[in-house]
Each structure stands twice: as C-alpha cells, then as structure tokens.
Amino acid sequence: MTTKSTAERSATERPAVVHPDTERPAVQLGHSLRPRQLAMMGLGSAIGAGLFLGSGAGIQLAGPAVLISYLVAGTLIIVVMWALGEMAAAHPNSGAFSVYTEHAMGKTAGATVGWLWWIQLVVVIAAEALGAAALLFPVWPVIPVWALALAFMVLFTAINLAGVKNFGEFEFWFAILKVAAIVLFLAIGGALFLGLLPDVPSPGLAVISADFAPEGFGGVAAALFVVIFAFGGTEIVSVAAAETEDPAGSVGGAIRTVVWRILVFYIGSVLVIAAVLPVGSPGLDSPFAGVLDAARIPGAGTAITLVAAVALLSALNANLYGASRMAYSLSQRGEAPRFLSKLTPAGVPVPAVLVSVAFGFAATVLELLFPEQILPALFQLVGSTCLVVWGSALVSQLILRRRAERNGTELPLRMKGYPALTIFGLVLLGLILAVGFWAEASRVQLFSTMVLIAAIAAACRIGSKIRLARQTS
C-alpha cells in the first residue's frame, strides 16, 4: 500500500482548524524555536517547585519509599511522552493533545481536555508568581511579596509578547541554570556518600534502611499524587513542537533528552535527600538546602533558595506560553472566542497571552487579599488535571496509530512497543486512579476534578450546539 506525503496528509487528514465563517489568518505562529530550546523547555517546565520543594513533602508522607512513587510516575511519563511525540511529529499543532483528542474522540472531548489544561496552567501561574516572591523576600526584604509577585507577572508577560524566539532563548538559559544546580547538588551528594567531604561523616544508607516505609503502602499512595504533580509540565514539549522548523526531527530528540534527564535528576536528587534527611527533619521544608546544610556548605541555604525561585519563574514563563498557545488553538477550532486567534506580524497571539495572564493577575490579587484561601481551593479543582491529560494522550495515540496503520499512513516517528506499551500506560494510569480514590487525601481532589471536567464538557457541548444553530439559521 502506498504512503502519503506530509502535504497530502495535512490536506486530507487534518480537520479544519478555523471558524467556518472566518478566513484563515495571513499570519501564522512562528517557527523559530530551536531543538535545544525545545528540549530544555520540556526539562525546565518539569523541574520546578515540585522537585525543589515538593520532594520534601513526598518524603514526609512516605519516607524513603517515596522512591517507589517516583519510579511509578516516571514510568508513566515515559510512556506518555513517547505517545505524544509520535502524534506531535505527525501532526504538529499548538493545541497538541487537545487536537489529538479531537481527532480521536470528537470535538467535545478535545475542547474539554484543552480548556482543562488551560485552567490548570493559569492557576499554576499565580501560584508560581507568589511562590517565587515569597522565597525571595527573606533574602531581599526590600520589595513586599505582593509587589514582587505582580512585577514577575508583568515581566514574563512582556517576555511572552516579545516573540517565541526570545521566549525560547530565555527559557533555555533558565533551564540551564536549574540543571547546573542539580548537577552540582548530585556531585555534593555523591561526595557526601563517599565520605569525601572534610569533617563530614558519610550518612551511608542508614536512614533509608532504618525505616524505608514508615507509613506503609498508604504513605506511598499519598505521596504518589504529590509526585505526579511534580512531573506535570513535560507535555508542553508537544505544544511547542508546532513552533519549530522541523517538528518531526525536533520532537523526537527533545523527548529522548527530557525523559532520561528527568529520571536521572529526579530519582538521583530524591535518593540523596531521602538518605540524608529522615522523616520529620526540619530540613525537608527546603530539602535541597537541608542536604547542603548537612554537608556544611557555606551559603547553601541562600544559594538554593535563589535557584528554587528561578525554577518557579522558569515554570511560570513556560506555563504562560503553554496556556496562550492552547487558548489560540481552541479559538482556531471555534472552541473559544475568535479574538484569541489574532496574531501580530511576528506571529505572537497577543490576546491569548493577555487573557491567560489576566486570570493569573486576578488569582494573585485575590490570594494576597485572602491568604491561604483562593489558591488551595483552585488547586483542589485542578490537582489531578495532568492525569486526565496523560490519559487522553494515551487513548488518542492508541486510536490514531491504529487508524494510520489501517490507512497506510507513514508516521515520521513511531512509538516503540505499540500497542503493548500504550496499554501498559493506561493500566498503570488506572491503577494510580484506583489508589487515588482509595486514599482519603486524594479522593476529594479526584472528585473535584471530575466535577470540573463534567462542567467544562457540558459548557463545550452547549457552546457547540449554539454555534451550529447559528450557522444553520
């Protein structure tokens, strides 16, 4: 059976992505992201507060057995990233998994996943601005937290409005700084283990072996959702692939780089922390600083605080980018207001950027007016969003790969181990959800996310019927 060229596939297989009564815009999104920027963007968005701060919370819940949670979540994200990579290489689109879900399961499903992810990102944007400001204030108590948080929002809005090339370069160097900090941390941790630090005894494996799982399976289950949230953000690679010159070539290399580096950095860092800081240690509040303090490294606390703040700001930058591109894609497909698909001559979706950051501004102001009330409530709604996104990606890849093989469509990047690996990922995801409903700490979060999904799906379905009625009237 003959295969189709990329141009033929684009013309025959992709559904229209513009409003039926709107002309295709003359300006398109830019394509100036480089492969190195794409790889570091995925790495940078995943290495944030979840690692620098959340790893301590995971150890408090499960003890050293949190390593099991990281291995389970890491295995799942590898499968998901390969599935996304196959689809992104074949159909690069700023809507990514939302578009793939639409192709596989219909418009309502695709729009629901897209809006759900957008809501998650705009909530996280506010949290990251506030978190970075709170981290920096003790180090530099000159500007109040509220003013610093708003300044960060303004700064990164400007960066996102400057064009994807500038954004990509900025995010690249942010990610480089975080990676360098983790490599240095792992080197110090290795020296600590080997007893190479002067006047500092090696902890060995005494802490890990003494009480590996103090809370048993329940602790591992409770930590699992903390860990999964930490891995959230890697899917942005599939969104950004649409703005590279060679999506098929770039996305494969980016995914390979992101996957192994995340596992090395996460598993390696958590192993060091779990071996040095026992459950109940005050150092787990800021685990990287706690380990460096134990290693008697002068100025460690301040240095790692600055790195953690950079990690939060890097994630803010990437999440604002991802939210704006998803809003743009939803608008292009008629699932969001038309004005969100307007582009500048440089290919920047300015309205989508401004709308995405506006919610972040509002949530930031409300959280400052009502501390510890707004963001916790919002996180209760979106805390399990990444599981839904990952699940939709796996199901879509299963359907679209089967469709491509039936039609004889050549794929530029093929996921290895299909369909067994995809099915394994879905089974693993199902087990995680079962554990989540079993554990009291995550049960309410999952139910809240389900309610949010139902509300978004209903709104998308009603909106679709209204648009159809207008077109036929």
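Residues numbered from 1 in each chain as written. Predicted model: local features only at pLDDT ≥ 70, side-chain atom pairs only at ≥ 80, totals over all residues. Heavy atoms only, no water.

Caption draft 1: Representation of the environment of Glu-405 within the structure. Locating Glu-405 in the fold gives a position in helix H18 (residues 385–407). When neighbours within four sequence positions are excluded, Glu-405 is seen to be in contact with Arg-414 and Tyr-418. (Helix = DSSP H or I, 4+ residues; strand = E, 2+ residues; numbered from the N terminus. Contact = heavy atoms within 4.5 Å.)

Caption draft 2: Representation of unusual backbone geometry. Look at the link from Tyr-418 to Pro-419: it is a cis peptide, with omega at 0°. Among the structural elements, Pro-419 can be located in the loop between H18 and helix H19 (420–438). Backbone geometry places Arg-296, a non-glycine residue, at a positive phi of 60°. With respect to the helices and strands, Arg-296 occurs in the loop between helix H14 (287–294) and helix H15 (300–332). Among the residues examined, Arg-296 registers a relative accessible area of 55% and is labelled exposed. (Buried < 20%, exposed > 50% of the residue type's maximum accessible area, 1.4 Å probe, protein only.)

Caption draft 3: How the structure looks around the packing of aromatic side chains. Taken as a whole, this structure holds 8 aromatic pairs when the rule is applied. Taking the centre distance of 5.1 Å and the plane angle of 85° together, the rings of Phe-172 and Trp-173 count as edge-to-face. Look at Phe-172 and you get buried, because its relative accessible area is 11%. You can call Trp-173 exposed: its relative accessible area is 51%. Taken together, a centroid distance of 5.4 Å and an interplanar angle of 50° make the contact between Phe-217 and Trp-438 tilted. Taken together, the residues span a long stretch of sequence, with Phe-217 in helix H11 (residues 216–231) and Trp-438 in helix H19 at a distance of 221 residues. (Phe/Tyr/Trp six-rings, centres within 6.5 Å; stacked < 30°, edge-to-face > 60°.)

Caption draft 4: Representation of the pattern of salt bridges within the structure. For the structure shown, the criterion picks out 7 salt bridges. Of the charged contacts, one joins Glu-405 and Arg-414 as a salt bridge, the two residues approaching to 3.3 Å between their closest N and O atoms. Shared partners join several salt bridges into a network, and the residues in it are Glu-102, Lys-107, Arg-333, Glu-335 and Arg-467. (Salt bridge = Lys/Arg side-chain N within 4 Å of Asp/Glu carboxyl O.)

Caption draft 5: Region of interest: the environment of Arg-403. Its location among the elements puts Arg-403 in helix H18. Classification of Arg-403 as partly exposed rests on a relative accessible area of 30%. Put simply, Arg-403 and Ala-104 are 299 residues apart on the chain and 9.1 Å apart in space, counted from C-alpha to C-alpha.

Caption draft 6: Up close: helix H7 (residues 107–136). Its 30 residues place the ends of H7 43 Å apart at the C-alpha level, agreeing with the 44 Å of an ideal helix rising 1.5 Å per residue. Burial analysis of H7 places 24 of its 30 residues in the buried class, the great majority of the element. (Expected span 1.5 Å × (residues − 1).)

Caption draft 7: Broad picture of the nonpolar core. Counting 141 residues, the largest nonpolar core has Phe-52, Phe-97, Phe-231 and Trp-390 as its most contacted members. With 18 residues, H15 is the single largest residue contributor to this core. Apart from residues no more than four positions distant in its own chain, Phe-97 is found in contact with Leu-84, Val-113, Trp-117, Glu-235, Ser-238, Val-239, Met-326 and Val-389. (Core = buried A, V, L, I, M, F, W, Y, C linked by side-chain atoms within 4.5 Å.)

Caption draft 8: Representation of the packing of helix H5 (residues 66–90) against H19 in the model. The N-to-C vectors of H5 and H19 enclose an angle of 140°; their axes lie 9 Å apart at closest approach. Relative to H19, H5 is oriented oblique. You can see that H5 and H19 cross each other, and the crossing is left-handed. Facing Val-72, Thr-75, Leu-76 and Val-79 of H5, the residues of H19 in contact are Leu-421, Thr-422, Phe-424, Gly-425, Leu-428, Leu-429 and Ile-432. Residue composition of the contact of H5 with H19, grouped by class: 8 nonpolar, 3 polar and no charged. (Axes fitted to C-alpha atoms, helices over the stretch in contact; angles between N-to-C directions. Parallel < 35°, antiparallel > 145°, perpendicular 65-115°, else oblique. Left-handed = near helix turned anticlockwise from the far one by under 90°. Nonpolar A, V, L, I, M, F, W, Y, C, P; charged D, E, K, R; others polar.)

Caption draft 9: Here's a closer look at helix H8 (residues 145–161). For H8, which comprises 17 residues, the first-to-last C-alpha distance of 24 Å matches the rise-based estimate of 24 Å (1.5 Å per residue) to within 8%. By the burial criterion, the buried members of H8 are Leu-148, Ala-149, Phe-152, Met-153, Phe-156, Thr-157, Ile-159 and Asn-160. Backbone geometry just downstream of H8 places Gly-163 in the positive-phi region, at approximately 120°.

Caption draft 10: Molecular detail of the state of the cysteines. The final tally for this structure, using the stated rule, is 0 disulfides. With no disulfide of its own, Cys-386 lies 20 Å from the sulfur of Cys-460, the closest cysteine sulfur. Since its relative accessible area comes to 0%, Cys-386 is described here as buried. (Disulfide = S-S within 2.5 Å.)

Caption draft 11: Structural context of the confidence of the model for the protein. In this model, the protein carries a mean pLDDT of 82, and residues with pLDDT of at least 70 account for 90%. Taken as a whole, residues 1–26 scores under 50 in pLDDT and shows 37 contacts with residues more than four places along the chain or in a different chain. (pLDDT = per-residue confidence, 0-100.)

Caption draft 12: Region of interest: the packing of H19 against helix H20 (residues 440–472). Contact geometry for H19 and H20: axes closest at 6 Å, N-to-C directions at 110°. Classed by the angle they form, the pair H19 and H20 counts as roughly perpendicular. On the side of H19, the interface is formed by Leu-433, Val-435, Gly-436, Phe-437 and Trp-438, while H20 contributes Glu-440, Ser-442, Arg-443, Leu-446, Phe-447 and Met-450. Looking at the contact of H19 with H20, its residues break down into 7 nonpolar, 2 polar and 2 charged.

Caption draft 13: Focus on a nonpolar patch on the surface. Side chains of Val-139, Trp-140, Val-142 and Leu-306 sit close together on the surface and give an oily, nonpolar patch of about 370 Å² of accessible area. Mapped onto the fold, Leu-306 is located in helix H15. (Patch = residues over 30% accessible without salt bridge, like charges linked within 9 Å, V, L, I, M, F, W, Y side chains within 5 Å. Areas by Shrake-Rupley, 256 points an atom, 1.4 Å probe, with all protein chains shown as cover.)

Caption draft 14: Representation of the side chain of Gln-445 within the structure. Looking at where Gln-445 falls in the secondary structure, it is placed in helix H20. Since its relative accessible area comes to 18%, Gln-445 is described here as buried. A polar side-chain atom of Gln-445 sits 3.0 Å from a polar atom in the side chain of Ser-384. (Polar contact = N/O pair within 3.5 Å; in protein donor to acceptor, adjacent residues only side chain to side chain.)

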